[in-house]
Amino acid sequence: MARVSNQQIVRELKAGDRIACRHLVDMYQSRLLAEAISLFHVPQLDAEELVNDVLLAVVSKIHSFEFKRSDGDFHNWVMTIFRNRVRDVMRRHAFTDGLYESYDESALENEQAYTHIERDVVRSILHRYEESARSSVEEGSAGKGVNALQVVAETLDAMESWERVLLRCRSLEVPYEQIARYTGKSVKYLKVYHARVKKKFLKLLTQRVPNAS
Amino acid sequence: MKTKRDIVDQLLQLAYLEGKITTHGLYERTVIQRKPVVQSSDASRNALVQQLEAALLSSRSKAVAPVTLGSFLRGLREHQSLQLQDLLPRLGISSNIYKLLEHDRISPLKISISSWRKIQRFFQIPLDTLEEMIRRTHQLVYFRASFRTTLARYSARRNRKVKAARLEKAAEELFARATLPLPEKEQQRLDAFLRALADEDV
């Protein structure tokens, strides 16, 4: 089936044309479902509900959407709604189950590359995030969970630009080829240095969060 | 929610979700290029389409109806993919006048009754809807001059963000003003025009 342009989908949605719903589902349902399940590890049933929520929000808020720069604006708008919904799921999950505790222990044991101190640092940040997520869920306030992660952003800022891009993008499974085009480094170089950059990030993070244990 | 992920990746993902870090659009672009590893079933796809159609229908009914002739005519023409050169000969209006109408730059009272009848028939607009829009648009055009003064006052501000907010406020002000009663003479003129339009219908 020929791919429908974003401009067309938006035009159809704004005109109330029902075919737009089919186009929207064809374009986004499987993609967002795959992202929620395989990348953000949202359970299947929650993920289906999440994607439905996202697309319903798109349809009901379409009248407030306007193209400003390019055809990609619509996709970015959908992705922002998707990101916010996944964030809400994560906050709820952090509040109810705890993030660090829900890791598969065998997976952590296999992470031989990280020291106990490094793991404690991550654990302490995640616990702080869980606490702030609890207050944001209970009080219904948005954005409080952000403060606990401020140190992550600050640590990244202390790294080189290509290192930052590599870490951020690989955590979201952006292909090396795409990162290479953006950073100007070779794919081979990025693959080799990814693990080292991670170690460097954790080292810097440990310096910034000294009293983790 | 058991995961087998790298702890650093997990932390960075959370930072991304909370809006603390961005990927400069690289991730967002990847999503559309990636072949989905999970395929939704036909049943769930159809169920979602039905849900969306219902939501679309309800959002359409909630959406603010076009209040002026300009927005109404423009929307209608775009929706029906009509070209001006096909449309104008059937309405008996010059292209300049029609463009002014579409941008609410001319009072509908300046268009002849017979042309309005043609427009009404061509677009199949109910008479009371057309009357309401003519009334509203005439008010808008009448009060536009005072809106221009308001805009000029706000444009003088240097700060762009402030300017945008003020312009928005000014736009609201315009519509608020447009609901103000017209001066008596102007109101009589409008009423006479609308009566003539209704009589033509009979």
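Note that the structure is a prediction, hence the values are computed from the model and not measured.

Conventions adopted
Residues numbered from 1 in each chain as written. Chains lettered and ligands numbered in written order. Predicted model: local features only at pLDDT ≥ 70, side-chain atom pairs only at ≥ 80, totals over all residues. Heavy atoms only, no water. Helix = DSSP H or I, 4+ residues; strand = E, 2+ residues; numbered from the N terminus. Buried < 20%, exposed > 50% of the residue type's maximum accessible area, 1.4 Å probe, protein only. Contact = heavy atoms within 4.5 Å. Areas by Shrake-Rupley, 256 points an atom, 1.4 Å probe, with all protein chains shown as cover. Polar contact = N/O pair within 3.5 Å; in protein donor to acceptor, adjacent residues only side chain to side chain. Core = buried A, V, L, I, M, F, W, Y, C linked by side-chain atoms within 4.5 Å. Salt bridge = Lys/Arg side-chain N within 4 Å of Asp/Glu carboxyl O.

A. Representation of the overall build of chain B. In terms of regular secondary structure, chain B is built from 10 helices and zero strands. Put simply, chain B runs from its N terminus to its C terminus through helices and strands in the order α-α-α-α-α-α-α-α-α-α. Counting over 202 residues, chain B shows a buried share of 42%. Here the contacts in chain B between residues at least 6 apart in sequence split such that 71% fall between residues at least 24 apart. A total accessible area of about 11,500 Å² is found for chain B, and carbon and sulfur atoms account for 51% of it.

B. The arrangement of the side chain of Arg91(A) in detail. On the secondary structure map, Arg91(A) appears in helix α4 (residues 72–96). Reaching out from Arg91(A), the side chain makes a polar contact with the side chain of Glu18(B) at a distance of 2.8 Å.

C. Fine view of the nonpolar core. In terms of nonpolar packing, the biggest core is built from 86 residues, with Leu24(A), Phe40(A), Phe74(A), Phe82(A) and Tyr27(B) touching the most fellow members. When residues in this core are grouped by element, the largest group, 11 residues, is from helix α2 (residues 19–39) of chain A. Setting aside chain neighbours within four positions, we find Tyr27(B) in contact with Glu35(A), Leu39(A), Phe40(A), Met79(A), Phe82(A), Leu172(A), Val174(A), Tyr16(B) and Arg34(B). If you look at the next biggest cluster of nonpolar residues, it comprises 29 residues, including Leu69(B), Leu130(B), Met133(B) and Phe193(B).

D. Main features of the pattern of salt bridges. Summed over the entire model, instances satisfying the criterion amount to 13 salt bridges over all chains. Across the pair Arg18(A) and Glu53(B) runs a salt bridge whose closest N-O atoms are separated by 3.2 Å. With Arg18(A) in the loop between α1 (6–15) and α2 and Glu53(B) in helix α3 (residues 42–62), the pair connects residues from two separate chains. We note a salt bridge from Arg123(A) to Asp120(A), for which the minimum N-O separation is 3.1 Å. A residue pair is termed a helical-turn pair when its members lie 3 or 4 positions apart in one helix, as Arg123(A) and Asp120(A) do in helix α6 (residues 116–139) at three residues. For Arg123(A), a relative accessible area of 32% translates into the label partly exposed. For Asp120(A), a relative accessible area of 23% gives the class partly exposed.

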